[in-house]
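Breakdown of the fold
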Amino acid sequence: MSSIDKQAVLEFLLEFQNHACEGFESVGESLKFVEESWQREKGGGGKTRVIANGSVFEKGGVNFSHVFGDSLPPSASANRPELAGRSFEALGVSIVMHPDNPFVPTSHANVRFFVAEKAGEKPVWWFGGGFDLTPYYGFEEDCVSWHQAAQSACNPFGDNVYSDYKKWCDDYFFLPHRNEPRGIGGLFFDDLNAWGFDRSFEFIQTVGRTYLKAYRDIVNRRKGIEFTAKHKYFQRHRRGRYVEFNLVYDRGTLFGLQSGGRTESILMSLPPEVNWSYDFKPEPQSEEARLLEVFLPPRDWLA
């Protein structure tokens, strides 16, 4: 197995953060990302870049973090006894973009690297990440192009990579208490080290580049569609599901809070305006109902 190169990962993540911000600004955004650097009392820090009330994005964040410590938080060590007594480093870039136009989907992406080390023993390390899409109004073309991009990213790394990571994404971004998916999925993977460091690192770089292009293409197709107050209401209603998932189930949120991360940066993923209407049900045969009945149930978008 090839040796790990933490410096190479660090340099890629910082470059990826730059490319992501430049890419989102290039779709016609009237504002620029604002950066705030932060330090963690227990070790490490990051760069949070946010945009708000723009012409395209109502709220968005592209966050880099590099945290380290002498011991792991419960969310990371509970099921991994081999990590006991090890110091750790966690590096990553996390992206969440909430568009203003309800016909443009919300997107999320994450690429990360984790390593736990102990003197005299081999490091325990892995990569994780992926990307997923949360539409408010369904467009077949967008769903197909999104999954075509995901498949193209995975194909060079193995015949079953796309199907395995797509299923993992469908299973992960699911709200059991609502019995519904958060969106139309994409890719999700964790604990990736079986390919060796170099090949695994190449994969997360491919995932990052693929996400940026795939999402910008969709934004450019939909950002000019006219919308009404009714469309915004349904967008805010569906954003409520996004909040519920992130606060109740998302492992990244739990890890960040339990490891003493910066709360403002961790909760950057939450949308700016949300509705929770009691027992809301869309009108039968409406576009809102079609999202729930046709687009959200997991399916093979490439069939």
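Look up: the structure comes first, before these words.
Throughout what follows, the structure given in this document is the object of discussion. Remember, predicted model here, so these are calculated numbers, not experimental data. Note that residues are indexed from 1 along each chain, following the sequence as it is written. Note on the predicted model: pLDDT of at least 70 is required for a residue's local features to be given, and 80 or more for side-chain atom pairs to be given and counted; whole-chain, interface and lining totals, by contrast, use all residues. The basis for every side-chain value is the complete set of heavy atoms in the structure, and neither hydrogens nor water enter the calculation.

What follows is about the sheet that holds strand 3 (residues 57–69). Within a beta sheet, neighbouring strands are joined by backbone hydrogen bonds and run either parallel or antiparallel to one another. Taken in spatial order, the seven strands of this open sheet run 1-2-3-4-5-6-9, and their pairing is antiparallel. Taken across any chain shown, the strands that pair with only one partner, and hence form the sheet edges, are strand 1 (34–39) and strand 9 (185–192). Taken pair by pair, the neighbouring strands of this sheet meet at an average axis angle of 5°, ignoring direction. In what follows, a contact means two residues having at least one pair of non-hydrogen atoms within 4.5 Å. To define axes, lines are fitted to C-alpha atoms, for helices over the stretch in contact only, and angles between the resulting N-to-C directions are given on a 0 to 180 degree scale. We count a stretch as a helix when DSSP gives it H or I for four or more residues in a row; a strand needs E for two or more, and each element gets its number in order from the N terminus. Its contacts with the sheet put helix 3 (residues 140–154) on strand 6 (124–134) and strand 9, and the angle it makes with strand 9 is roughly 30°. The pairing criterion is simple: DSSP has to find at least two bridges between the two strands.

There is a patch of like negative charges on the surface, built from Asp5, Glu11, Glu15 and Asp198. Take aspartate 5: it is sitting in the segment before helix 1 (6–25). Two joining distances apply to patches: 9 Å for like charges and 5 Å for nonpolar side chains (Val, Leu, Ile, Met, Phe, Trp, Tyr), and every residue must have over 30% relative accessible area and no salt bridge. Calculation of accessible area relied on Shrake-Rupley with a 1.4 Å probe; when residues are assessed, cover is drawn exclusively from the protein chains displayed. Salt-bridge detection follows one rule: a side-chain nitrogen of Lys or Arg within 4 Å of a carboxyl oxygen of Asp or Glu. The sign given to each residue is positive for Lys and Arg and negative for Asp and Glu; His and the chain ends receive no count. To locate a charge, the coordinates of NZ of Lys, CZ of Arg, CG of Asp or CD of Glu are taken.

Our next topic: the layout of surface pockets. Rolled over the atoms, a probe sized like a water molecule indicates the empty space that remains. Put plainly, a pocket is an open set of points on a 1 Å grid over the protein atoms alone with protein on both sides within 12 Å along at least five of seven lines, a cavity is a set where a 1.4 Å probe fits but cannot get out, and a lining residue has an atom within 4 Å of a point. Grid points are joined across faces, edges and corners, and a volume is the space filled by probe spheres set on the points. Size it by volume and the second largest pocket reaches roughly 150 Å³. Residue lining of the second largest pocket: Phe12, Glu15, Phe16, His19, Gln205, Arg209 and Leu212, and that is the complete set. Counting residues per element, the ones that place at least two in the lining of the second largest pocket are helix 1 and helix 5 (197–222). Here the lining of the second largest pocket takes four residues from helix 1, the largest share from any one element. Of the residues assigned to the lining of the second largest pocket, the class counts are three nonpolar, two polar and two charged. Classification convention: Asp, Glu, Lys, Arg as charged; Ala, Val, Leu, Ile, Met, Phe, Trp, Tyr, Cys, Pro as nonpolar; all other residues, Gly among them, as polar.

Under the counting rule described, the total for this entry stands at 26 salt bridges. Glutamate 140 is paired through a salt bridge with arginine 299; the nearest N and O atoms lie 3.1 Å apart. Of this pair, glutamate 140 sits in helix 3 while arginine 299 sits in the segment after helix 9 (287–295), and the two are 159 residues apart along the sequence.

Disulfides are defined as cysteine sulfur pairs within 2.5 Å. This structure, assessed with the given rule, holds zero disulfides. For the unlinked cysteine cysteine 143, the closest cysteine sulfur is that of cysteine 169, found at 13 Å. Cysteine cysteine 154 shares no disulfide, and the gap to the nearest cysteine sulfur, in cysteine 169, comes to 11 Å.

Glancing now at the side chain of histidine 237. Residue position: histidine 237 is located in helix 6 (residues 229–248). On the basis of relative accessibility, which here comes to 7%, the residue histidine 237 falls in the buried class. Apart from residues no more than four positions distant in its own chain, histidine 237 is found in contact with Asn275 and Phe280. Relative accessibility decides the category of a residue: with a 1.4 Å probe and only protein chains considered, values under 20% of the type maximum give buried, values over 50% give exposed, and everything between is partly exposed.

A few words now on the environment of glutamate 264. By the secondary structure assignment, glutamate 264 is in helix 8 (residues 263–266). Along the primary structure glutamate 264 and threonine 48 are separated by 216 residues, whereas in three dimensions their C-alpha atoms are 9.0 Å apart.

Two faces make up the sheet, and in a regular strand the side chains alternate between them. The buried fraction of strand 4 (residues 87–99) amounts to 11 of the 13 residues, a majority that puts the element mostly inside the structure. In this sheet, strand 5 (residues 106–117) lies alongside strand 4 in antiparallel orientation, the contact comprising 11 bridges. Bridged to serine 87 within strand 5 is glutamate 117. Hairpin connection between strand 4 and strand 5: a loop of six residues separates the two successive antiparallel strands.

Another point: the side chain of serine 200. In this structure, serine 200 sits in helix 5. Of the residues examined, serine 200 reaches a relative accessible area of 0% and is grouped as buried. Once residues lying within four places of it in the same chain are set aside, the contact partners of serine 200 are Trp125, Phe127, Leu192, Asn193 and Trp195.

The next subject is the packing of aromatic side chains. How two aromatic rings sit relative to each other is given by the distance of their centres and the angle of their planes. Aromatic pairs are defined between Phe, Tyr and Trp rings, using the six-membered ring for Trp, whenever the two ring centres lie within 6.5 Å; interplanar angles under 30 degrees are classed as stacked, those over 60 as edge-to-face, and all others as tilted. Applying the stated criterion across every chain, the model contains 40 aromatic pairs. When the centroid spacing of 5.8 Å and the interplanar angle of 15° are considered together, the rings of phenylalanine 12 and phenylalanine 16 count as stacked. Placement of the pair is phenylalanine 12 and phenylalanine 16 together in helix 1, with a separation of four residues, close to one helical turn. Of the two residues, phenylalanine 12 and phenylalanine 16, both sit in the buried class.

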